[in-house]
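Chain by chain, the residues:
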Amino acid sequence: AEEKQLITSIWSKVNVEECGAEALARLLIVYPWTQRFFSSFGNLSSPTAIVGNPKVRAHGKKVLTSFGEAIKNLDNIKTTYAKLSELHCDKLHVDPENFRLLGDILIIVLASHFARDFTPACQFAWQKLVGVVAHALARKYH
Amino acid sequence: MVLSASDKTNVKSVFSKAGSQVDDLLGEALERMFTTYPQTKTYFPHFDLHHGSAQIKAHGKKVGAALVEACNHIDDIAGALSKLSDLHAQKLRVDPVNFKLLGQCFLVVVAIHFPSVLTPEVHASLDKFLCAVSAVLTAKYR
């Protein structure tokens with residue numbers, strides 16, 4: 001219950017568009033092999049190109065908005081993500097390891113925005129959350 | 001994982017900005033690691049792991065010094081950390097997965113204290129550097 005509080009109190013202050021864009025851009029920059037899923041996104045040739053790429057920004061916003069759904073349904077994340085899990089397996093063919101990578105990056109982005117407010121207890125709760133989300137997204141893989 | 005010239009510059013810029021705070025940063029990273037990933041505490045049954053523990057501070061200093069050493073000899077990290085590599089292989093035998101966890105916490109701490117330094121490019125370089133250090137420390141495990 002405390003962990004849920006720590007999660008929602010941070011989330012209420014998150015700019016989903018900015019944060020999502022930054023997290024996805026950093027994923028593509030820090031772990032360049034993740035670009036393999038985004039060949040239709042146009043120019044990903046440099047960090048500057050990636051950060052400024054409107055498709056990256058839009059997709060980052062989409063992904064983080066979806067994350068918000070998990071936060072609204074903290075007791076029911078598996079069900080919430082069942083269809084998305086099938087999609088990521090059957091249509092998108094994304095290795096679940098990538099969900100873990102994005103989760104770790106999101107934590108770092110949150111840390112950079114919230115600084116000391118992102119306490120160790122907060123980090124614990126959020127690291128748990130991204131783990132649960134990654135697990136839920138991988139759950140329907142076959 | 002090969003560090004490019006710009007990776008090396010980026011890593012040096014982080015440690016130069018951190019200066020003498022490196023000890024505190026690592027202390028904080030360790031504390032966050034113990035909180036966020038409780039399984040890491042299993043390697044420190046002999047430590048007082050409460051917030052502000054003198055033992056964590058001392059250990060942070062040790063780890064920080066090793067990272068600085070690696071940074072100062074970034075062209076030959078294996079040489080610089082050879083003794084530490086032996087120590088981890090023969091005595092400490094910390095499971096390799098844990099270096100990633102400490103690495104994540106170190107990135108979080110850098111994001112908190114020096115958000116403007118941790119640009120996506122620097123983030124990528126620092127992550128690579130931490131991977132390289134981990135690889136050296138686990139190189140002689142088997």
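Residues numbered from 1 in each chain as written. Chains lettered and ligands numbered in written order. Predicted model: local features only at pLDDT ≥ 70, side-chain atom pairs only at ≥ 80, totals over all residues. Heavy atoms only, no water.

As recorded in an unreviewed UniProt entry, chain B goes by Hemoglobin subunit alpha and comes from Nipponia nippon. Per UniProt, chain B carries the Sequence similarities (unreviewed entry) text "Belongs to the globin family." As its UniProt record puts it under Function (unreviewed entry), chain B is described as follows: "Involved in oxygen transport from the lung to the various peripheral tissues." (UniProt positions renumbered as here; feature names shortened; annotations may be inferred.)

Chain A appears in an unreviewed UniProt entry as Hemoglobin subunit epsilon from Nipponia nippon. The record in UniProt for chain A states the following under Subunit (unreviewed entry): "Heterotetramer of two alpha chains and two beta chains." According to its UniProt record, chain A has this under Sequence similarities (unreviewed entry): "Belongs to the globin family."

This part takes up the pattern of salt bridges. Residue and element names in this part refer to chain A. The full count for this structure, using the stated rule, is eleven salt bridges over all chains. Between Glu3 and Lys128 there is a salt bridge, and its shortest N-O distance comes to 3.0 Å. Linking Glu3 in helix α1 (residues 2-11) with Lys128 in helix α8 (residues 120-138), this pair joins segments that are 125 residues apart in sequence. A relative accessible area of 29% places Glu3 in the partly exposed class. (Salt bridge = Lys/Arg side-chain N within 4 Å of Asp/Glu carboxyl O. Helix = DSSP H or I, 4+ residues; strand = E, 2+ residues; numbered from the N terminus. Buried < 20%, exposed > 50% of the residue type's maximum accessible area, 1.4 Å probe, protein only.)

Take the UniProt feature "domain: Globin" (unreviewed entry) in chain A next. Under the feature "domain: Globin" (unreviewed entry), the UniProt entry names residues 1-142 of chain A. End C-alpha to end C-alpha, residues 1-142 of chain A measures 33 Å, and it is 71% helix and 0% strand.

Turning our eyes to something else, we now look at the interface of chain A and chain B. By convention, interface size is frequently given as the accessible area that disappears when the constituent parts associate. Contact residues are listed per partner, giving 21 residues for chain A and 21 residues for chain B. Buried area between chain A and chain B, summed over both chains or domains, comes out near 1800 Å², and the portion from carbon and sulfur atoms is 63%. A per-residue breakdown of the area chain A buries against chain B is headed by A:Arg26, A:Ile108 and A:Gln123, which together make up 31% of the total. At the surface where chain A touches chain B, the tally comes to zero salt bridges. For the interface between chain A and chain B, the tally reads eight residue pairs in polar contact (both at pLDDT 80 or more). Breaking the side of chain A that touches chain B down by element, the ones donating at least two residues are α2 (16-30), α3 (47-52), α7 (97-114) and α8 of chain A. Considering every element that reaches the side of chain A that touches chain B, the biggest residue donor is α7(A), with six residues. For the side of chain A that touches chain B, the residue count by class is 14 nonpolar, four polar and three charged. (Contact = heavy atoms within 4.5 Å. Buried area = accessible area lost by both parts, 1.4 Å probe. Polar contact = N/O pair within 3.5 Å; in protein donor to acceptor, adjacent residues only side chain to side chain. Nonpolar A, V, L, I, M, F, W, Y, C, P; charged D, E, K, R; others polar.)

All names here are of chain A. Taken together, the side chains of Lys78, Lys83, Arg139 and Lys140 make up a positively charged region of the molecular surface. The residue Lys140 is located in the segment after α8 in this model. A relative accessible area of 34% means that Lys140 is categorised as partly exposed. (Patch = residues over 30% accessible without salt bridge, like charges linked within 9 Å, V, L, I, M, F, W, Y side chains within 5 Å. Areas by Shrake-Rupley, 256 points an atom, 1.4 Å probe, with all protein chains shown as cover. Lys, Arg positive; Asp, Glu negative; His and termini not counted. Charge placed at Lys NZ, Arg CZ, Asp CG, Glu CD.)

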